[in-house]
Structure formats: C-alpha cells, structure tokens
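What follows is each chain in one-letter form.
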Amino acid sequence: MSYIIDGKAISAQIKEECRERVERLREKGVSVTLAVVLVGDDPASCVYVNNKKKACEFCGIESRTYELSADTTQQEVLNLVQTLNADESVNGILVQLPLPEHIDENEIIYAISPEKDVDGFHPYNVGALSIGLPGHVSCTPAGVIELLKRSNIEISGKHCVVVGRSNIVGKPMSMLLLRENGTVTVAHSKTADLKAVTSQADILVVAVGKPKFITEEYVKEGAVVIDVGIHRMDNKKLCGDVDFDRVEPKTKAITPVPGGVGVMTIAMLMHNCVTAAERKECYER
Ligand code: GUN
C-alpha cells in the first residue's frame, strides 16, 4: 500500500505556523503586507489571486491587490513596482503571471526588489539558490521539499529525477534537491528514452504539463512520486501529470491531485512573506 502524501494537512500546518509567526511580529509592533499586482482579467489568475487573499487573511497578513486593466503599459507596471519597492510597509510583491503579451515579464520581474520578491523569480534569488545564499525560493518547488521532509522521506543520497525544466518549477526543483544532497537528473521533452531515465528514480518529480502523461512503465517499484501538474478533464474532475490510478500501486508514496503539491504553493508564499518581514525586522533592529 502506498502512502498518500497529504498536501492539505501539511499546507494547513505551514499556514498555522505562519499565523503564529505573524502574531509574534505583531507583538513587536511589526505588520506583514503582501502586494499583489494583477494585470488584465484572466479567469484562472483571478481565482489564484482570490485564494492568495484568503490565505493572507487566515495568516494575519495584510493583502493589497492592484487590479490593472489589460491595456496597462509596461511603464505603468514598472512605475507601480517601483512605488511598492519604495513603500516601507510592503514586505512582499507578487506580480501575477502570465502578463498580457505586450508586457515583457522578465523586465517586470527584474524590477522587483529581491528582498520583496516572494515568488523567488528574480535573477538574484535564482542565483542565490544555486550558490547556497539566503534568498526567496520559488513557492511550488519549495512546497515539494516541505512535502517530502514533513512526510519523513529522505532525500540525501537518493536518485531524484525531475521531469520538466521550467524556470518556475523544474530548474529550482533540481537545485533544491541538490541542496538536500540528492543525486539529481533533469529530464525534459528532448530527453532520449525518457522511460529508462525516470525508471531509475527513487524520487520522481513530474512537471510536464500533460495530463496523465506518466504511467506505471515510467516508474520504479517503490519510488516516491510527486505530481506538480493540475488539469481539468472533460468530466470536470482534476487530474495531474501522473496517471494516479495506474502509478499508485507501484509507489512507496505519492501525491494526489488535488490535495498534493497544488495547495502547497500558497502556503509557501505565506512563508516567504513572513520570512521577508522577519528578515527586515532583524536587519533594522
Ligand atoms: N501564475 C501561476 N502561478 C504563479 C505563481 O506562483 N506566481 C505568480 N506570480 N504567478 C503565477
């Protein structure tokens, strides 16, 4: 029987810890504020932004949402980011992606102060992760590490295969697993004989963006499988990048969809916001 990793319970635990940390800061007269910038009205982005607001409310973090119309210019978004950088009361800045096509995402991310970049997308934070300096880590891969650690799954010395090489998940995921002393392989769409590679994994992290792509032939008996994907099927049910019903019997532990990795992203965002406020408080003391 496989162990089903309970992302819901672990994310609730992390949010509760954040709530307590916010309370401790409040006792010192420090408040925590997240600024969320939403450009346009992409329905999925609106849902994410609302979920972030709810999590902030639970943790006692003040959230300020800046809703800009889809025809906002690059310069207007940059001006807002610069205003938020300079605002001492703002600890975290999150610009919801994707941005409309006429906006250069990289330039916007680059403009955010690294210490307020609670998404961990700024090149400074990406570089800091790769050389072991403190910085904010991208929320989804950071959430995967928490799921493994809090489920008592050893990473050190294990062969970890990450399928996917995106800037948001695959690349930071591989750096984090390496930091935890895993032996890391990154596979992607051009990998030759993907099954032969994934079948070597003790820990298999899948972020390919294709529904039910990973079936039992890709997985070693007794592996731990982490599914980062989330898709809505024609029957309205959610599924991941892993075909759960076919893969689960072969695994030692596996994340479900929903209730696995997805719920961890916002919990880690809360963690990054509180950390930003704690670091600032510590620095100013
Ligand atoms: N869009 C989808 N996921 C994310 C995320 O984690 N951060 C930001 N900024 N935008 C997103």
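Look up: the structure comes first, before these words.
Here we summarise the structure given alongside this text. It should be emphasised that the depicted structure is a prediction, and the values quoted were computed from it without experimental measurement.

All right, on to the sheet that holds strand S8 (residues 224–227) then. Reading across the sheet, the six strands line up as S1-S11-S8-S7-S5-S6 and stay open at both edges, with parallel pairing between neighbours. At either end of the open sheet lies a strand with only one pairing partner, and these are strand S1 (3–4) and strand S6 (183–187). Packed onto the sheet, helix H7 (residues 170–179) meets strand S5 (159–163), S6 and strand S7 (203–206) and runs at close to 170° relative to S5.

This part covers the pairing of strand S2 (residues 33–39). Among the seven residues that make up S2, seven are buried, leaving the element largely enclosed by the rest of the structure. Pairing analysis gives seven bridges linking S2 to strand S3 (residues 62–68), with the strands arranged parallel. Residue pairing in the sheet places Ala 35 in a bridge with Arg 64 of S3. Viewed along the sheet, the connection from S2 through helix H2 (residues 43–59) into S3 turns out right-handed. Pairing of S2 with strand S4 (residues 92–95), which is carried by four bridges, proceeds in the parallel orientation. Across the sheet, the residue bridging to Leu 34 is Gly 92, located in S4.

Time to look at the packing of aromatic side chains. For the structure shown, the criterion picks out one aromatic pair. Arranged with centres 5.7 Å apart and planes meeting at 45°, the rings of Phe 213 and Tyr 218 form a pair that is tilted.

Okay, the nonpolar core next. Ranked by size, the top nonpolar core spans 49 residues in total, and within it Leu 34, Ile 61, Leu 148, Leu 177 and Met 270 carry the most contacts. Counting residues per element, this core draws most heavily on helix H10 (residues 262–284), at nine residues. Sequence-distant contacts of Leu 34, defined by excluding residues within four places in its chain, comprise Cys 56, Ile 61, Glu 62, Ser 63, Arg 64, Gly 92, Ile 93, Leu 94, Val 118, Leu 269, Met 270 and Cys 273.

Counting through the fold element by element, Ser 166 comes out in the loop between S5 and H7. Accessibility expressed as a relative area gives 35% for Ser 166, which makes it partly exposed. Among all residues touching Ser 166, those that are not within four sequence positions of it are Lys 171 and Pro 172.

Moving on to unusual backbone geometry. Note the cis peptide between Leu 97 and Pro 98, where omega equals 0°. Structurally, Pro 98 is set in the loop between S4 and helix H4 (105–111). Between Val 257 and Pro 258 the backbone carries a cis peptide bond, its omega angle lying at 0°. Backbone geometry at Asn 152 places phi at a positive 55°, although glycine is not the residue there. Within the fold, Asn 152 resides in the loop between helix H6 (139–150) and S5. On the accessibility criterion, Asn 152 (72% relative accessible area) is exposed. A positive phi angle is found at Asn 181, which is not glycine, with a value near 70°. Position of Asn 181 among the secondary structure elements: in the loop between H7 and S6.

The subject of this paragraph is the pairing of S5. The element S5 is largely enclosed, with a buried count of five among its five residues. Covered by surrounding structure in S5 are His 159, Val 161 and Val 163 together with Cys 160 and Val 162, the residues of both alternating faces. As paired elements, S5 and S6 share five bridges and run parallel to each other. Looking across to S6, one finds that Val 162 is bridged to Val 186. After leaving S5, the chain enters H7 and then returns to the sheet as S6, a path that is right-handed.

Moving on, we get to the pattern of salt bridges. Counted according to the given criterion, the structure contains 16 salt bridges. For the salt bridge of Glu 146 with Arg 150, the shortest nitrogen-to-oxygen distance reads 2.8 Å. Taken as a pair, Glu 146 and Arg 150 lie in helix H6 at a separation of four residues, close to a single helical turn. What makes Glu 146 buried here is its relative accessible area of 19%. When its relative accessible area of 30% is taken as the criterion, Arg 150 is described as partly exposed. Of the charged contacts in the structure, one is a salt bridge between Asp 202 and Lys 220, with a shortest N-O distance of 2.7 Å. One end of the pair, Asp 202, is in the loop between helix H8 (194–198) and S7; the other, Lys 220, is in the loop between S7 and S8, with 18 residues separating them in the sequence. Salt bridges sharing common partners tie together Lys 195, Glu 216, Glu 217, Asp 243 and Arg 246.

What counts and how
- Residues numbered from 1 in each chain as written.
- Predicted model: local features only at pLDDT ≥ 70, side-chain atom pairs only at ≥ 80, totals over all residues.
- Heavy atoms only, no water.
- Pairing = 2+ DSSP bridges.
- Helix = DSSP H or I, 4+ residues; strand = E, 2+ residues; numbered from the N terminus.
- Contact = heavy atoms within 4.5 Å.
- Axes fitted to C-alpha atoms, helices over the stretch in contact; angles between N-to-C directions.
- Buried < 20%, exposed > 50% of the residue type's maximum accessible area, 1.4 Å probe, protein only.
- Right-handed = clockwise from strand over helix to strand, strands pointing away.
- Phe/Tyr/Trp six-rings, centres within 6.5 Å; stacked < 30°, edge-to-face > 60°.
- Core = buried A, V, L, I, M, F, W, Y, C linked by side-chain atoms within 4.5 Å.
- Salt bridge = Lys/Arg side-chain N within 4 Å of Asp/Glu carboxyl O.

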